[in-house]
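Overview (structure and organization)
Now for the letters of each chain:
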Amino acid sequence: MKLVLASQNKKKLVEMNDILSHLGVEVCSEAEAGVDVEVEETGTTFEENSLLKAKAVMEASGLPAIADDSGLCVDCLNGAPGVYSARYGGEGLSDEQRCRLLLENMRGQMTRAAKFVSVITCCFPNGDVLTARGECPGTIAYAPMGESGFGYDPVFFVPELKRTFAQLSAGEKNAISHRGKALEAFKEKLEEYLG
């Protein structure tokens, strides 16, 4: 089975294929499916945005489409950046600049609890929809550490492992990450769905 990923993020494409390939599922890019869909994320929840993206790409491609909407929710910032994680601080900021802004906004905060949230939605041309959610608790480091990953990975610290997401190998991260958990839950639902 082929799914189209509703995202331009090449690292997400690799992550999804790593986890779903065992089911005989191939996840291809929008470009490979011959579509280029720019979806305005107007939802106020990860579930709403994930559905908006998957539905738009499914309609444009005529193929089942899978979308992930994920973000970082920081307790002392009332859940921010949340659904605005990729646009935190405005358009045009780099991942590095967003991490810096987050650390600046948390200056002086002793409570640094946070969680990464991921919601995976798959829309099928027949109208069926599968959704799965995953969360990974952690804390926000005082400074970026590590070279791997993307987004807020360098400042997301996992206390049990005493490292940030950016200091983990892809395998270590997939085993505990919000997206890894959401994809595992999605994989189970998809197995059931495919019967």
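Relevant structure appears above.
1. Regarding the overall build of the protein
Counting its regular elements, the protein contains five helices and seven strands. Secondary structure elements of the protein, listed N to C terminal, follow the sequence β-α-β-α-β-α-β-β-β-β-α-α. For a compact globule of 195 residues, the expected C-alpha radius of gyration is about 16 Å, and the protein comes in at 17 Å, within 12% of that figure. Its C-alpha atoms give the protein principal-axis dimensions of roughly 50 × 30 × 25 Å.

2. Overview of the side chain of K187
Residue placement: K187 occurs in helix α5 (residues 178-194). Taking relative accessible area as the criterion, K187 reaches 15% and is therefore assigned buried. Excluding residues that lie within four positions of it along the chain, K187 makes contacts with I19, L20, H22 and L23.

3. Details of the pairing of strand β5 (residues 129-140)
One ladder, built from eleven bridges, connects strand β4 (residues 113-123) with β5; its direction is antiparallel. Paired with V119 across the bridge in β5 is R133.

4. A look at the layout of surface pockets
Of the volumes computed, that of the largest pocket is approximately 860 Å³. Along the walls of the largest pocket sit 31 residues, with S7, N9, K12, E41 and A86 positioned nearest its centre. Broken down by secondary-structure element, the contributors of at least two residues to the lining of the largest pocket are α2 (46-61), β3 (65-74), α3 (95-105) and α5. Tallying contributions element by element places β3 first for the lining of the largest pocket, with four residues. Taken together, the residues that form the lining of the largest pocket break down as nine nonpolar, eight polar and 14 charged.

Thresholds, definitions, all that
- Position numbers for residues count from 1 along each chain, tracking the sequence in the order it is written.
- In keeping with the predicted nature of the model, local features appear solely for residues at pLDDT of at least 70, side-chain atom pairs appear and are counted solely at 80 or more, and the whole-chain, interface and lining totals rest on all residues.
- Calculation of side-chain values draws on the structure's entire complement of heavy atoms; hydrogens and water are dropped beforehand.
- Each helix is a run of DSSP H or I of at least 4 residues and each strand a run of E of at least 2, with the numbering of both proceeding from the N terminus.
- The globule rule is 2.2 Å times the number of residues to the power 0.38, and the radius of gyration it is compared with is taken over C-alpha atoms.
- Partly exposed describes any residue whose relative accessible area lies between the buried limit of under 20% and the exposed limit of over 50%, with all areas from a 1.4 Å probe on protein chains only and scaled to the type maximum.
- Contacts were defined at the residue level, with two residues in contact if any of their heavy atoms lie within 4.5 Å.
- Each pair of strands is called paired provided DSSP finds at least two bridges between the two strands.
- Grid points spaced at 1 Å and placed over the protein atoms alone form the basis of the search, with a cavity being a set where a 1.4 Å probe fits but cannot get out and a pocket an open set showing protein on both sides within 12 Å along at least five of seven lines. Lining residues have an atom within 4 Å of a point.
- Grid points are joined across faces, edges and corners, and a volume is the space filled by probe spheres set on the points.
- Any residue outside Ala, Val, Leu, Ile, Met, Phe, Trp, Tyr, Cys, Pro, Asp, Glu, Lys and Arg is labelled polar, Gly included; the first ten of those are nonpolar and the last four are charged.

Without other data, these values stay purely geometric and don't point to any function.
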